[in-house]
Amino acid sequence: MDIAEGRDIVVGVDPAGTGRLALAWAVDEAHRRKVRLRLVLTVPPRHDTQHVDDEPRYIALRQTGSDSIKGAAAWAEARHADVELATDLLDGAPAPVLCRLSRHARMVILGSRHLSRAQEFFDVGSVVLPVTAQAHCPVVVVGDAEHVTQQPAYLVVGIDGSEPSKAAVALAFREASLRGCALRAISVWQPPAFSFQDDALALSAQRRMLSEAVAGWSEQYPDVALTHEAPVGHPVETLAEAAEHALALLVGRRGRGGYSGMRLGSVVHGLLHRAHCPVITVPVA
């Protein structure tokens, strides 16, 4: 499925009532694209036990969830009254539910609690890592606000020549055109610790790959001001620094890891911690 053909934009609602940055990003995106926004909140299912009556706990969680999602919907409507809203209060753990919904979504948007790497793996409330690793559509992780005051406004897309990065380029041009902003296409060359290859030739090949990756897109999107950059450095640090004042950073994502997200690429994983703007990960369509 083409990444532009999904129907709804799905946003995970935090039952604690936080995560307004992610909700704002989602409402604005639905408004730009003129599509429906689906607000999703999950409630842990009843415990199967013969010794404890779990019904009061479950009822209380459902009520709290209902209040939270109604409050989020009211907040979203106040921000953009023209956006069509749908709300879902579903039983289950949040990560598997959101991954299932991603099959038919345009994108999934999540807030970030800035967990440490250890917390990501051991905190049952961690959602960002498994959803980013497994979703069937682009995932937007909003840990910091868009830098809308930066002029000229721009997006950054990281390119490594892979099929996922090609998908990220396609979405990056579409997003830049929708937002009326510039696009910085960046391919970072990290010199190997030991190599007999000429560095100048390797860097030249990197620049050639970058040019080929964006070839043709400027003709499709003549309104998008494009720049090419092939800096030398560590991909995570260099891309995060380039996106310091960006509206968002887009990167491709290879494959789908297991539920824990342990197989999430090291660059994507690093950027989720390091970048100070929304991070959009794009799987192969």
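In the block above lies the structure referred to throughout.
Note that the structure is predicted; figures quoted are calculated from it, not measured.

Topic: the side chain of H80
Then, in step 1: Here H80 is to be found in the loop between α2 (55-79) and β3 (85-91).
Then, in step 2: Setting aside anything within four residues of it in sequence, one finds H80 in contact with V27, D28 and H31.

Brief notes about helix α9 (residues 235-242)
Then, in step 1: Counting buried positions along α9 yields six of eight residues, so the element is predominantly enclosed.
Then, in step 2: Every buried residue of α9 is accounted for by P235, V236, T238, L239, A240 and A242.

Observations concerning the packing of aromatic side chains
Then, in step 1: Throughout the structure, instances matching the rule amount to three aromatic pairs.
Then, in step 2: Measuring from ring centre to ring centre gives 5.9 Å for F173 and W217, while their planes differ by 20 degrees; the resulting arrangement is stacked. Within this pair, whereas F173 is found in helix α6 (residues 163-179), its partner W217 is found in helix α8 (residues 217-220), the two being separated by 44 residues in sequence.
Then, in step 3: A relative accessible area of 0% means that F173 is categorised as buried.
Then, in step 4: Feature note: the residues F173, W217 and Y221 constitute an aromatic cluster, connected by ring pairs.

Quick notes on the packing of helix α1 (residues 20-33) against α2
Then, in step 1: With their axes 10 Å apart at the nearest point, α1 and α2 run at an angle of 50 degrees to one another. In this view, α1 runs oblique relative to α2, as classed from their interaxial angle. Handedness of the crossing formed by α1 with α2: right-handed. Residues R20, L23, A24, V27 and D28 of α1 form the contact with α2, whose participating residues are G71, A72, W75, A76 and R79.
Then, in step 2: Each residue belonging to the contact of α1 with α2 can be placed in one class, and the counts come to six nonpolar, one polar and three charged.

Points about the side chain of S68
Then, in step 1: Positionally, S68 belongs in helix α2.
Then, in step 2: Overall, S68 belongs to the buried group, its relative accessible area being 15%.
Then, in step 3: Aside from chain neighbours lying at most four places away, what touches S68 is V13, D14, P15 and L41.

Cut-offs and rules
- Residues numbered from 1 in each chain as written.
- Predicted model: local features only at pLDDT ≥ 70, side-chain atom pairs only at ≥ 80, totals over all residues.
- Heavy atoms only, no water.
- Helix = DSSP H or I, 4+ residues; strand = E, 2+ residues; numbered from the N terminus.
- Contact = heavy atoms within 4.5 Å.
- Buried < 20%, exposed > 50% of the residue type's maximum accessible area, 1.4 Å probe, protein only.
- Phe/Tyr/Trp six-rings, centres within 6.5 Å; stacked < 30°, edge-to-face > 60°.
- Axes fitted to C-alpha atoms, helices over the stretch in contact; angles between N-to-C directions.
- Parallel < 35°, antiparallel > 145°, perpendicular 65-115°, else oblique.
- Left-handed = near helix turned anticlockwise from the far one by under 90°.
- Nonpolar A, V, L, I, M, F, W, Y, C, P; charged D, E, K, R; others polar.

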